[in-house]
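Observations on the model geometry
One-letter residues, chain by chain:
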Amino acid sequence: MPLAVLALAVGAFGIGTTEFVIMGLLPDVADDLHVSIPAAGHLVSAYALGVVIGAPLLAAATSRLPRRHVLIGLMALFVVGNALSALAPGYDWLLAARFLSGLPHGAFFGVGAVVAATMVAPERRARSVSLMMLGLTLANVVGVPAATLMGQRLGWRVTFLAVSVIGVAAIASLVLLVPGDRGHAPAAGLRRELAALRSLPVWLALLTTVAGFGALFSAYSYITPMLTGSAGYAEAGVTLLLALFGVGATVGNLLGGRLADHSTRGTLFGGLTALAVVLALFPLLMRTEWSAALAVALLGTAAFVTGSPLQLMVMEKASTAPSLASAANQAAFNLANAGGAWIGGLALAAGLGVTSPALAGAALAVLGLAVAGLAYRVDLRRAGGVRVGRERVVASHMPSAARTGVPSCSMSTGEPRDGAVRAEGGAGGPGA
């Protein structure tokens, strides 16, 4: 793997740390700024709102710029947002700074995934994306606990200053390690980026992300009451179990990247199936401490196996202009966060039991499987071509990379692609 992927991972580590560390510092922030904890919780929502708004807008606004410059600029905005968070004189200023910090999140991951995928051979693209995402999962294992401890001991403002330093390190890494000639436009331009978003397969891939990760957050948002109310853990032991979730997520991310290089769609189907099974077993697994710990680790693994396949599938379906679609997928992740937590809360409010959010999550995972299956059927229909001798020319609904001069991000998975021409020795059915 090129060292440029390491630079992307450093940026992902900083972003992952600032996104989740606020949850552990809410009491400290609320006490210091003289607001209630529910009001402090709006700082989480402000960041998420920044991600959802910033992901498509910043990706669209920078569509004609070299991607290396875009990544550096996004990380600079990230540094400014976190520095302003540390210096915020009051609650309203901190709320605005958290919103600003969230703006570059989705665009950085979206553009970074495109860069990571285009800097390696086709058969290694999923692993390259998963290594960039490794920074995000390691943030949950190392960055968030360390930053939370720092904030509790030295003050929450010190935490955001430390995250700003990580951002500066990421900028230096991007400048030094991402080659100027491969950073990695030529850009497709805003019109082509928007045209890619009009594709039905792109929207089906985004809906799969919302349903699949909504399943995760339906359960994970209420993991603490499950562990304390059902498994019998003390609140002090929950922190260690959340780190165990991060370990599982790291393993799942790396495993998903390796498997997706062999079969993107097969890895997605397998991951969503495993997620549905794990969540359906939660009421049983949450009965004892050891099985609850196992459930938390398996939840992280099953959920993040699907991360790289989902990101790459969106990029593949928008292959002539992947940056905006890739960033939109990050917005979909955050919509899944909010929507999954809401659905899990409905299950709790209905009096269905402390583990009922996991069962709601299992239903969402099944919905994700259904959407992924529908997307596969659409692909098969769109890939209907005509055989000419021993060649099959696949019909295209979008211009091919060869005609447009735009690098393609499609994967070598044997799945139907837009603008593909394949020579086949056997009967000409669409690839699976």
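All of the points below concern the structure found in this document. (Residues numbered from 1 in each chain as written. Predicted model: local features only at pLDDT ≥ 70, side-chain atom pairs only at ≥ 80, totals over all residues. Heavy atoms only, no water.)

Some points on the overall build of the protein
In terms of helices and strands, the protein carries 17 helices and three strands. When contacts within the protein are restricted to residue pairs at least 6 apart in sequence, those whose partners lie at least 24 apart make up 82%. Approximately 16,900 Å² of the protein is accessible, and the part contributed by carbon and sulfur atoms is 69%. (Helix = DSSP H or I, 4+ residues; strand = E, 2+ residues; numbered from the N terminus. Contact = heavy atoms within 4.5 Å. Areas by Shrake-Rupley, 256 points an atom, 1.4 Å probe, with all protein chains shown as cover.)

A few points about helix α2 (residues 37–61)
Between its terminal C-alpha atoms α2 stretches 36 Å, which fits the 36 Å expected from 25 residues at 1.5 Å a residue. Along α2, the largest kink reaches about 40 degrees and is centred on glycine 54; proline proline 56 follows within four residues of it. (Expected span 1.5 Å × (residues − 1). Bend = angle between axes of the 7 residues up to and from the residue.)

Remarks on the pattern of salt bridges
Scanning all chains against the criterion turns up three salt bridges. Between aspartate 32 and arginine 157 there is a salt bridge whose closest N-O contact spans 3.8 Å. Highlighted residues: aspartate 32 in helix α1 (residues 4–33) and arginine 157 in helix α6 (residues 156–177), separated in sequence by 125 residues. Taking the relative accessible area as the measure of exposure, aspartate 32 reaches 38% and is therefore partly exposed. The exposure class assigned to arginine 157 is partly exposed, which follows from its relative accessible area of 26%. The partner of aspartate 379 in a salt bridge is arginine 265, and the shortest N-O contact between them spans 2.5 Å. Of the two residues, aspartate 379 is situated in helix α16 (residues 356–382) and arginine 265 in helix α11 (residues 264–280); the sequence distance between them amounts to 114 residues. Each of the two residues, aspartate 379 as well as arginine 265, counts as buried. (Salt bridge = Lys/Arg side-chain N within 4 Å of Asp/Glu carboxyl O. Buried < 20%, exposed > 50% of the residue type's maximum accessible area, 1.4 Å probe, protein only.)

A closer look at the packing of helix α4 (residues 91–118) against helix α14 (residues 307–317)
Interaxial distance between α4 and α14 falls to 11 Å at its minimum, and their mutual angle equals 85 degrees. Here α4 is positioned roughly perpendicular relative to α14, judged by the angle of their axes. Contact residues: α4 offers Gly110, Ala113, Val114 and Ala117, while α14 offers Gln311, Leu312 and Met315. When its residues are assigned to classes, the contact of α4 with α14 shows five nonpolar, two polar and no charged. (Axes fitted to C-alpha atoms, helices over the stretch in contact; angles between N-to-C directions. Parallel < 35°, antiparallel > 145°, perpendicular 65-115°, else oblique. Nonpolar A, V, L, I, M, F, W, Y, C, P; charged D, E, K, R; others polar.)

Observations concerning the nonpolar core
In terms of nonpolar packing, the biggest core is built from 58 residues, with Phe213, Leu216, Leu227, Leu275, Leu279, Phe282 and Met286 touching the most fellow members. Excluding its chain neighbours within four sequence positions, the residues that come into contact with leucine 279 are Ala215, Ala219, Leu299, Ala358, Leu359, Gly361 and Ala362. (Core = buried A, V, L, I, M, F, W, Y, C linked by side-chain atoms within 4.5 Å.)

Focus: the side chain of glutamate 19
On the secondary structure map, glutamate 19 appears in helix α1. Buried and without a salt bridge, glutamate 19 has arginine 98 as its closest oppositely charged side chain, separated by 7.7 Å. (Lys, Arg positive; Asp, Glu negative; His and termini not counted.)

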